[in-house]
Amino acid sequence: MSATIANAHVFDVAEDNFETEVLQASLKTPVLIDFWATWCEPCKILGPMLEKLTAEYNGAFRLGKVDVDKSQQLATMFGIRSIPTVMLVKDGQVLDGFAGALPEGQLREFLSRHLQPLEAAPVDEATEEVAETPEQAIERLQQEIAAEPERSELKLDLALAQMRAGQADAAEAGLTALPANLATDTRAVRLRHQLDLARALHGAPSLAELRQRVQADNGDWEARDLLGVRLLLEDDAAAGLDQFLAILERARDWNDGRGKKRLLAAFSMLDDAELVGRYRRKMASLLF
């Protein structure tokens, strides 16, 4: 792996620029320092994930890459005993850090304890690029995997793109083949729940038919469950959660506690923290 600049927020760190680019710069913008080496295999896994997250955070922090073979004084100064090791520097001081190639989910958790992504700058409509379609993403990721098969995180990206394109079987096969360090990634867990819900709809009635069944019989728990799944996957999350709450409230033990299980799966999938928090409280009021 090389410390090639992947985006405007990634740079190489050495003894000659450490004072200005890390210590002084951290007074304005936190700097995440990645201690790595070309011979370090775990570094080849961690480095690309850090660079991707740096881009996602859009300038909320900068990523400084320290090749320990070339900058032994810096490694000694920070007491580096193994690599990869990552340090977060803020206001000229080390705020936090970790050693080893953490899974992406844990990396995101580490960053979220200290930082929040910045909003992207407005894009001029005249120069705005057309968003990549799921099919285009699949083609691009397949090419990247062929070029760099050791980058396992690309395989998770591919499975997610396949799910967005409606290729559930391919997404499930990709998810099953992920290495252990990515199997517990937040995005992998979310995809697993999406696949479980999508599988539940195989051969299921239409949305209109399910609504009719529930209106005709409030106790048709199977119809209410499938209606909740359809609503959840078809972008009416609150309405879907309401169906699962109704099952939990009136038929808690139906189908081995299906209502509660659906709610927990939905919570792990949704990005709306306010919505999830509101429905978690509703679920808790029914359970306790």
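Conventions and cut-offs
Numbering of residues starts from 1 in every chain and runs along the sequence as written. With the structure being a predicted model, the display of local features is reserved for residues of pLDDT at least 70 and the display and counting of side-chain atom pairs for 80 or more, all residues being used for whole-chain, interface and lining totals. Values shown for side chains rest on all heavy atoms present in the structure; no hydrogens or waters enter the calculation. Any two cysteine sulfur atoms within 2.5 Å of one another count as a disulfide. For each residue, the accessible area found with a 1.4 Å probe, counting protein chains only, is set against the maximum for its type, and the residue is called buried under 20%, exposed over 50%, and partly exposed in between. Axis geometry follows a simple rule: fit a line to the C-alpha atoms, using only the stretch in contact for helices, then measure angles between N-to-C directions, giving values from 0 to 180 degrees. Think of it this way: any DSSP run of H or I at least four residues long counts as a helix, any run of E at least two long counts as a strand, and we number them from the N terminus. Oblique is the label for every angle not falling under 35 degrees (roughly parallel), over 145 degrees (roughly antiparallel), or within 65 to 115 degrees (roughly perpendicular). Rotating anticlockwise by less than a right angle from the far helix to the near helix defines a left-handed crossing, while the corresponding clockwise rotation defines a right-handed one. Residue contacts are counted whenever heavy atoms from the two residues lie within 4.5 Å of one another. Residue polarity is assigned by list, with Asp, Glu, Lys and Arg as charged and Ala, Val, Leu, Ile, Met, Phe, Trp, Tyr, Cys and Pro as nonpolar; anything else, Gly included, falls into the polar class. Remark: nonpolar core denotes a set of buried residues (Ala, Val, Leu, Ile, Met, Phe, Trp, Tyr, Cys) joined through side-chain atoms within 4.5 Å. A helix's residues, less one, multiplied by 1.5 Å, set its expected span. Only strands joined by at least two bridges in the DSSP assignment are considered to pair. A right-handed crossover is one whose linking path, passing over the helix from the first strand to the second, runs clockwise when the strands point away from the viewer. Only one rule defines a salt bridge in this text: a Lys or Arg side-chain nitrogen within 4 Å of an Asp or Glu carboxyl oxygen.

Student: Help me understand the state of the cysteines in this model?
Tutor: Covalent bonding between the sulfur atoms of two cysteines is what defines a disulfide. Applying the stated criterion across every chain, the model contains 1 disulfide. There is a disulfide in this structure between C40 and C43, and the S-S distance comes to 2.4 Å. Here the disulfide of C40 and C43 is right-handed, its torsion about the S-S bond being about 85°. When sorted by exposure, C40 lands in the same class as C43, which is buried.

Student: Sorry if this is basic, but what is going on with the packing of helix α12 (residues 237–250) against helix α13 (residues 258–269) here?
Tutor: To characterise two packed helices, one gives the angle between the axes of the helices and the distance between these axes. At a closest axis distance of 8 Å, the pairing of α12 and α13 adopts a crossing angle of 150°. Considering their axes alone, α12 and α13 lie roughly antiparallel with respect to each other. The chirality of how α12 crosses α13 is left-handed. Judged by residue contacts, L241, F244, L245, I247 and L248 of α12 engage G259, K260, R262, L263, A266 and F267 from α13. Split by residue class, the contact of α12 with α13 holds 8 nonpolar, 1 polar and 2 charged.

Student: Honestly, the nonpolar core in this entry has me stumped. Any pointers?
Tutor: One broad trend across soluble globular proteins is that nonpolar side chains are buried collectively. L232, L241, L263, F267 and L270 are the most contacted members of the largest nonpolar core, which has 26 residues in total. Mapped onto this core, the elements with two or more residues apiece are α10 (207–216), α11 (221–233), α12, α13 and α14 (273–287). Counting 20 residues, the second largest nonpolar core, distinct from the first, contains V13, A37, A75 and V89.

Student: Even after reading the chapter, I still don't get α12, so can you show me in this structure?
Tutor: For an α-helix, 3.6 residues make a turn, and residues three or four places apart therefore share a direction. Helix length check: α12, at 14 residues, gives a terminal C-alpha distance of 20 Å against a target of 20 Å (1.5 Å per residue), a fit within 8%. Burial runs high along α12: 10 of the 14 residues are buried. Taken together, the buried positions of α12 are occupied by A237, A239, G240, L241, Q243, F244, L245, A246, I247 and L248. Close packing links the buried residues of α12 with α11, α13 and α14.

Student: Got a minute to help me understand the pairing of strand β2 (residues 31–36) in this structure?
Tutor: Every other side chain in a regular strand lies on the same face of the sheet, so the side chains alternate between the two faces. By the criterion of burial, β2 is predominantly enclosed, with 6 of the 6 residues buried. Both faces of β2 are covered, namely the face carrying V31, I33 and F35 and the face carrying L32, D34 and W36. The pairing of β2 with strand β3 (residues 62–67) spans 6 bridges and is parallel. Pairing of D34 across the sheet is with K65, part of β3. Each parallel crossover has a hand, and for β2 linked through helix α2 (residues 41–57) to β3 it is right-handed. Inspection of the sheet shows β2 paired to strand β4 (residues 85–90) by 5 bridges, in the antiparallel sense. Counted as the bridge partner of F35 is T85 from β4.

Student: How do you make sense of the pattern of salt bridges when you look at a structure like this?
Tutor: Two side chains with opposite charge may pair up if their charged atoms get near one another. Per the stated rule, a full pass over the model turns up 23 salt bridges. One salt bridge connects R199 with E172, and the closest N-O pair in it is separated by 2.5 Å. Here R199, found in helix α9 (residues 186–200), pairs with E172, found in helix α7 (residues 168–176); they are 27 residues apart in sequence, far enough to count as distant. Since its relative accessible area comes to 36%, R199 is described here as partly exposed. E234 serves as the salt-bridge partner of R230, at 3.3 Å between the closest nitrogen and oxygen. What makes R230 buried here is its relative accessible area of 15%. Taken together, the salt bridges that share partners define one network made up of K52, E56, E104, R108, D157 and R187.

These values are about where atoms sit, not about what they do.
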